[in-house]
Amino acid sequence: MRPADRMGGVAVALLVLGLLLWALYRFTIGTERHSFAAGATPPSEVSVIAGDTYAIGIPGGVGRTAQLLPDPQSLSCSFAPAGGARRQLAVQVEPATTKALTRIATFVAPRTGRAAVSCVGLPAVFVDDAEDVGPDLAGLWLVLASVSLAVALPLLFSVLRRYYGADRPLVAVEPDGVGSAG
């Protein structure tokens, strides 16, 4: 088997893998419970550990919060343990200049267990890094698809050039030694 044939096989395999990973990304993105996942719905309760810091997020982040609240810096959130009474939650609000895309505040969990977190004047919020939310698999599939396609496409074009364009130079050299596009 010629090296170009092996390269062609690798290129096609990487192309198919990249397309399958991209399809997996598209399927997975709608099932995640993260504020940055398109179309995701926040869980009504999340699992937290007392003393750990968690991030509160909404799609649109601080910019969306500024549209919904007259003073985003006075964000008021509450914490309701499963079967317990709702109580005020001490939050650290993200500044208006934050680079975070969806995070609007952080809090330290006052108790361990399942709890509902909500903020006055905002739609349902996400706790993106809660213990039971799960990893961002869609992001992993997207990165792997991008890498696979980024390697496959140039390799495939290289193989195609070897088969169909090897006898045509990319730059023709004129008799005076100056090159011109060919």
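Presented here is an overview of the structure given in this document. (Residues numbered from 1 in each chain as written. Predicted model: local features only at pLDDT ≥ 70, side-chain atom pairs only at ≥ 80, totals over all residues. Heavy atoms only, no water.)

## Structural notes on helix α3 (residues 137–164)
Step number 1: The first and last C-alpha atoms of α3 sit 39 Å apart over 28 residues, in line with the 40 Å expected at 1.5 Å per residue.
Step number 2: Within the sequence span of α3, burial applies to Ala138, Ala145, Ser148, Ala152, Leu156 and Val159. (Helix = DSSP H or I, 4+ residues; strand = E, 2+ residues; numbered from the N terminus. Expected span 1.5 Å × (residues − 1). Buried < 20%, exposed > 50% of the residue type's maximum accessible area, 1.4 Å probe, protein only.)

## With respect to the state of the cysteines
Step number 1: Scanning all chains against the criterion turns up 1 disulfide.
Step number 2: The disulfide partner of Cys77 is Cys119, and the gap between their sulfur atoms is 2.0 Å. Across the S-S bond of Cys77 and Cys119 the torsion is about 95°, and the bridge reads as right-handed. Placement of the pair is Cys77 in strand β3 (residues 77–81) and Cys119 in strand β7 (residues 113–119), with a sequence separation of 42 residues. (Disulfide = S-S within 2.5 Å.)

## Here's the deal with helix α2 (residues 61–68)
Step number 1: Of the residues making up α2, those classed as buried are Gly61, Val62 and Thr65. Seen along its axis, α2 keeps its buried residues to an arc of 100°; they face one direction. (Arc of directions from axis to C-beta.)

## Concerning the nonpolar core
Step number 1: Counting 23 residues, the largest nonpolar core has Ile56, Leu75, Phe107 and Val117 as the members making the most contacts within it.
Step number 2: Grouped together as the second largest cluster of nonpolar side chains are 6 residues, Ile29, Ala37, Phe126 and Ala138 included. (Core = buried A, V, L, I, M, F, W, Y, C linked by side-chain atoms within 4.5 Å.)

## Quick word on the sheet that holds strand β5 (residues 91–93)
Across a sheet, strands are paired by hydrogen bonds formed along the backbone, either parallel or antiparallel in direction.
Step number 1: Spatially, the 4 strands line up as an open sheet ordered β5-β6-β2-β8, and their pairing is antiparallel. The strands lining the two open edges of the sheet, one partner per strand, are β5 and β8 (126–127).
Step number 2: Note: strand β2 (residues 53–57) against strand β6 (residues 103–108), 5 bridges, orientation antiparallel. Each residue of the ladder has a partner; that of Ile56, found in β6, is Ala105. (Pairing = 2+ DSSP bridges.)

## Quick notes on empty space enclosed by the protein
With a probe scaled to a water molecule rolled over the atoms, the places where space remains empty come into view.
Step number 1: Across all of its chains, the model carries 1 cavity of 30 Å³ or more by this definition.
Step number 2: Taken together, Val62, Thr65, Pro72, Gln73, Leu75, Val93, Glu94 and Ile104 make up the full set of residues lining the largest cavity.
Step number 3: Here the residues of the lining of the largest cavity are counted per class, giving 5 nonpolar, 2 polar and 1 charged. (1 Å grid on protein atoms, 1.4 Å probe; cavity = no way out; pocket = protein on both sides within 12 Å on 5 of 7 lines; lining within 4 Å. Points joined across faces, edges and corners; volume = space filled by probe spheres on them. Nonpolar A, V, L, I, M, F, W, Y, C, P; charged D, E, K, R; others polar.)

## Things to note about a nonpolar patch on the surface
Step number 1: Where nonpolar side chains cluster on the molecular surface, the patch consists of Leu153, Phe157, Leu160, Tyr163 and Tyr164 and spans about 560 Å² of accessible area.
Step number 2: In this structure, Tyr164 sits in helix α3.
Step number 3: For Tyr164, a relative accessible area of 68% translates into the label exposed. (Patch = residues over 30% accessible without salt bridge, like charges linked within 9 Å, V, L, I, M, F, W, Y side chains within 5 Å. Areas by Shrake-Rupley, 256 points an atom, 1.4 Å probe, with all protein chains shown as cover. Salt bridge = Lys/Arg side-chain N within 4 Å of Asp/Glu carboxyl O.)

## Quick look at the packing of aromatic side chains
Step number 1: Enumeration over the complete set of coordinates arrives at 2 aromatic pairs.
Step number 2: Ring centres of Tyr54 and Phe107 lie 5.8 Å apart, and the angle between their planes is 35°; this geometry places the pair in the tilted category. Of this pair, Tyr54 sits in strand β2 while Phe107 sits in strand β6, and the two are 53 residues apart along the sequence. As far as the burial class goes, Tyr54 and Phe107 line up, both buried.
Step number 3: Taken together through their ring pairs, the aromatic side chains of Tyr54, Phe79 and Phe107 make up a single cluster. (Phe/Tyr/Trp six-rings, centres within 6.5 Å; stacked < 30°, edge-to-face > 60°.)

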